[in-house]
Amino acid sequence: MKHSLLSVRAALVLLACACGGGGDLGGEGGAGGAASESPSTSATGAGGSPSTSATGAGGSPSTSATGAGGGLGPHAAEPSTPTRGGTMTFTNIGARGWWPRRIDREPGDPACGYKDGNDTWGGHCCMTEHHTTSDRLAPFDEEMTLIMKAIRVKQLAVYQPGGDPAAWQMVSSWDARSGAGSNLLVTQGQTTSADFTGDLTKTDCVTYFMQDKPFACGDGNDYYCPDDPGVMHLGWAGSKLVVFLASMTFDDAGVERCDGDGQGHPGPWVAFVASELIRDGGRKWNGLCNCYSKTGTVGDGCGEINVFEVVMDNNDYSNREFMSTGVRSYQEGHIGGSVCGSGCDRDELADDVEVVDACAQKAYEKGPVIEAGGRSDGCPTWRRPLGDRYFMILLDEAQRTIQVAVIHPERIPSAAAEMLPDLPGRLSRGAIDAMISMRLPE
């Protein structure tokens, strides 16, 4: 390659992540800004035979969107050069430990053992150490919220284990053909609704996805209750699978600031974060009073996964054409998170490449594995896709594994065939195990 590839660890910023820079705080940060959570388990059995209406990828009939328990059916995809797909597999996830939890107590209360001071805006901040004895995905077994920015979504589904241990059920869903969510609320600014256009490329507003079930936090003595209705909904707890059909192809110049004042930050971002972090009184950006970090310098707290992050911060770490995936929690601080910086050139890679080793300066021949507390297969990053892809993040307590995948609609691997492109209302445990075992490209 005529350019050297720059592989560095993504910078960890307490008050805002790199992907959120620019416009994220305009209209989203601060006390009372609208927030939301991700869905938890409300498993509905597979049922009903959805009727056909739209045309699916490749011209075949597609199934009309019916909502969670009935599945979604295939959706037409924007044509693009087929790629071999890619996975990043994070293993050995989960550890006993603790994170700082905000609670609502008076100054001087003995419960404020971790912090008894001020939050970002000068209000009182009381925090305690919250301990867990779980080592099954912890802290990612807690409720988690899905966040998106600068992406165009066509379908979104969430699966979780149901009453039958041999099956996972679709518990929340959204489809562009209906525009309405099933057990899924979408929050942007001060608006929370089940209706959603799917196009997040017009502004740099941060958008939160949650269940429509309310979250009860009591009197605040043991769990902080923000005055922010948008965040008071359940997140997904335990094992969970999020998959969505979407595109990151758009004109950067067409992205406006969230507050409508000029050019916005056009960097796509998909994150899966602790719902507790979203309920901090500032929707993750209350940096002086949230569970993100124990040390104040890295994300060694309650848990955040930058699932797909295009770093565009006008520095050497940035490159519009590549994406980063990093896992942050008290277990290790930071796992993964490699970036392809200013030295990377997407055109020096073959057209069918999805996942790239920035250190070795070449595409992977087999999906990389990153072990918490152990070795990593190089420095994995993604080439930013052109056209539609299925994006997936799977967190499984049984195997203590996080599997992240990018799959082209025209090259669905056999391991994902039970799920794609139909997105049925039910998946077998065998299908979950098969997807965890994927090492794309193969």
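Our structure is the block above this text.
Residues numbered from 1 in each chain as written. Predicted model: local features only at pLDDT ≥ 70, side-chain atom pairs only at ≥ 80, totals over all residues. Heavy atoms only, no water.

## Here we look at the sheet that holds strand β5 (residues 97–103)
Link 1 in the chain: Taken in spatial order, the three strands make up an open sheet running β5-β7-β6, and their pairing is antiparallel. In the strand order of this sheet, the two ends are held by β5 and β6 (115–118), each with one partner. Mean inter-strand twist for the sheet, computed between neighbouring axes without regard to direction, equals 30°.
Link 2 in the chain: Where β6 meets strand β7 (residues 124–132), four bridges bridge the pair, whose relative direction is antiparallel. Looking at the pairing, Asn118 lines up with His124 of β7. (Pairing = 2+ DSSP bridges. Helix = DSSP H or I, 4+ residues; strand = E, 2+ residues; numbered from the N terminus. Axes fitted to C-alpha atoms, helices over the stretch in contact; angles between N-to-C directions.)

## Details of the environment of Arg102
Link 1 in the chain: Mapping Arg102 onto the fold places it in strand β5.
Link 2 in the chain: Considering only alpha carbons, one finds Arg102 and Leu277, 175 residues apart in sequence, at a separation of 9.4 Å.
Link 3 in the chain: Every residue in contact with Arg102, bar those within four places of it in the chain, is listed here: Asp119, His124, Cys125, Cys126, Met127, Tyr223, Tyr224, Glu276, Asp280, Gly281, Asn286 and Cys289.
Link 4 in the chain: Polar side-chain contacts of Arg102 include one of 2.9 Å to the backbone oxygen of His124. (Contact = heavy atoms within 4.5 Å. Polar contact = N/O pair within 3.5 Å; in protein donor to acceptor, adjacent residues only side chain to side chain.)

## Looking at empty space enclosed by the protein
Link 1 in the chain: Tallying each qualifying case throughout the model produces three cavities of 30 Å³ or more.
Link 2 in the chain: If you add up the space inside the largest cavity, you get close to 60 Å³.
Link 3 in the chain: Taken together, Arg101, Arg102, Tyr223, Tyr224, Glu276, Arg279, Asp280, Cys289, Asn290 and Cys291 form the lining of the largest cavity.
Link 4 in the chain: Residues that form the lining of the largest cavity fall into these classes: four nonpolar, one polar and five charged.
Link 5 in the chain: Each pocket or cavity is described by its volume, and for the second largest cavity that value is around 50 Å³.
Link 6 in the chain: Every residue lining the second largest cavity is listed: Glu309, Val311, Tyr317, Ser318, Asn319, Phe322, Met323, Ser324, Val339 and Cys340.
Link 7 in the chain: Contributing elements (two or more residues each) for the lining of the second largest cavity: β18 (322–328) and β20 (338–340).
Link 8 in the chain: Ranked by residues supplied to the lining of the second largest cavity, first place goes to β18 with three residues.
Link 9 in the chain: A per-class count over the lining of the second largest cavity returns six nonpolar, three polar and one charged. (1 Å grid on protein atoms, 1.4 Å probe; cavity = no way out; pocket = protein on both sides within 12 Å on 5 of 7 lines; lining within 4 Å. Points joined across faces, edges and corners; volume = space filled by probe spheres on them. Nonpolar A, V, L, I, M, F, W, Y, C, P; charged D, E, K, R; others polar.)

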